[in-house]
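Structure at a glance
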Amino acid sequence: MSNERTTNSIHLGPSARRAVRFVAAFVNPIVLLIAGRRWMPVVGILRHRGRRSGRMYATPIGMRPLGDSFVIPRTFSDNAAWYLNIKAAGGATVKYLGHTYELVDPQVVDYATAKPAFPRYELLQFRLIGINEYLRLRIADVNHAHMEVA
């Protein structure tokens, strides 16, 4: 049996995961107030349905557009709740730069595929913390992609 990790992402133990959730409970509502706005190109709002609860979640998360899709670094391994929810639902909604996009066809892509979407300083940060996999989601209807959200 090998101790090798199958993905290059952040793996936290139970105590660290509890600490992240505790901090996120305070930080995420504040970040949600600024994420997805026209002047915030780094963080968007990912809306996804819980695979067990059916509840809608809003997660502030780093992302970038890439052609007719969006690319999101896969942080916290392939067990991250947001990732599992999107995979189960087959898509999500994103608010980015003041526009809302319906996204479908989730695919895990490698560093080389995601590289054109991110500035070099962000790519360097991802590499330093061990993120080499990204989730790419295609915009469902490119012709009607820029729907304003009130």
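Our subject is the structure that appears above.
Residues numbered from 1 in each chain as written. Predicted model: local features only at pLDDT ≥ 70, side-chain atom pairs only at ≥ 80, totals over all residues. Heavy atoms only, no water.

1. Here we look at the overall build of the chain
Using the following cut-off: Strands here mean DSSP runs of E at least two residues long; helices mean DSSP runs of H or I at least four residues long; both are numbered from the N terminus. Under the scheme applied here, a residue whose accessible area is under 20% of the maximum for its type counts as buried, over 50% as exposed, and between as partly exposed, the area being computed with a 1.4 Å probe on protein chains only. Only heavy atoms enter the contact rule, under which two residues are in contact if any of them lie within 4.5 Å. Computed by Shrake-Rupley with a 1.4 Å probe, the accessible areas treat only the displayed protein chains as cover when residues are assessed.
Scanning the chain from terminus to terminus reveals 4 helices and 8 strands. Secondary structure elements of the chain, listed N to C terminal, follow the sequence α-β-β-β-β-α-β-β-α-α-β-β. The proportion of buried residues among the 150 residues of the chain is 38%. Considering only contacts in the chain between residues 6 or more positions apart, those separated by 24 or more positions represent 63%. Carbon and sulfur atoms provide 57% of the accessible area of the chain, an area that totals close to 9100 Å².

2. With respect to helix α4 (residues 120-128)
So the rule is basically this: Taken from the helix axis, the directions to the C-beta atoms give the arc we talk about.
Within α4 the residues assigned to the buried category are Glu-122, Leu-123 and Phe-126. Along the axis of α4, the buried positions cluster into a sector of 100°, meaning they face one direction only. Looking at α4, the residues exposed on the side facing more than 90 degrees away from the buried face are Arg-120, Leu-124 and Leu-128. Packing partners of the buried residues in α4 comprise β3 (64-66), β4 (69-73), α3 (111-114) and β7 (133-139). Where α4 terminates, the next one or two residues include Gly-130, which has phi positive at roughly 90°.

3. A word on the pairing of strand β2 (residues 56-62)
Basically, it comes down to this: Between any two strands, pairing holds if DSSP finds at least two bridges.
Two strands pair when backbone bridges link them, and strand β1 (residues 43-49) and β2 are joined in this way by 7 bridges, in the antiparallel orientation. In the strand pairing of β2, His-48 is matched with Tyr-57. Counted along the chain from β1 to the antiparallel partner β2, the turn is 6 residues long, and its residue Gly-54 has a positive phi close to 80°.

4. Concerning the packing of aromatic side chains
The line we're drawing: Each aromatic pair joins two rings of Phe, Tyr and Trp (for Trp, the six-membered one) with centres within 6.5 Å, and gets the label stacked for planes under 30 degrees apart, edge-to-face for over 60, and tilted for any other angle. Both a distance and an angle decide whether a charge sits over a ring: NZ of Lys or CZ of Arg must be within 6 Å of the ring centre and within 35 degrees of the ring normal.
Summed over all chains, the structure comprises 6 aromatic pairs. When the ring of Phe-126 is compared with that of Tyr-134, the centres are 5.9 Å apart and the planes differ by 65°; the resulting orientation is edge-to-face. Since its relative accessible area comes to 0%, Tyr-134 is described here as buried. Linked through ring pairs, Phe-70, Tyr-96 and Tyr-101 together constitute an aromatic cluster. Cation over ring: Arg-74 sits above Tyr-83, and NZ or CZ is 4.5 Å from the ring centre. Taking NZ or CZ as reference, Arg-127 lies 3.8 Å from the ring centre of Tyr-111, over its face.

5. Notes on the side chain of Thr-59
For clarity, the threshold we go by: Pairing of N or O atoms within 3.5 Å defines a polar contact, subject to two protein rules: one partner must be a possible hydrogen donor and the other a possible acceptor, and residues neighboring in sequence count only if both atoms are side-chain atoms.
For Thr-59, the position within the fold is in strand β2. Side-chain polar atoms of Thr-59 contact the side chain of His-48, separated by 2.8 Å.

6. Things to note about the nonpolar core
Generally speaking, soluble globular proteins have nonpolar side chains that are buried together. Condition: Note on terminology: a nonpolar core comprises buried Ala, Val, Leu, Ile, Met, Phe, Trp, Tyr and Cys residues joined through side-chain atoms within 4.5 Å.
If you look at the biggest cluster of nonpolar residues, it comprises 18 residues, and the most contacted ones within it are Leu-46, Met-63, Phe-70, Ile-72, Trp-82, Ile-86 and Leu-103. For this core, the secondary structure elements donating two or more residues are β4, α2 (81-89), β5 (91-96), β6 (99-110) and β7. Examining the composition of this core, we find that 4 residues originate from one element, α2, more than from any other. Residues in contact with Leu-103, not counting those within four places in the same chain, are Phe-70, Gly-90, Gly-91, Ala-92, Val-94, Leu-137, Arg-138, Ile-139 and Ala-140.

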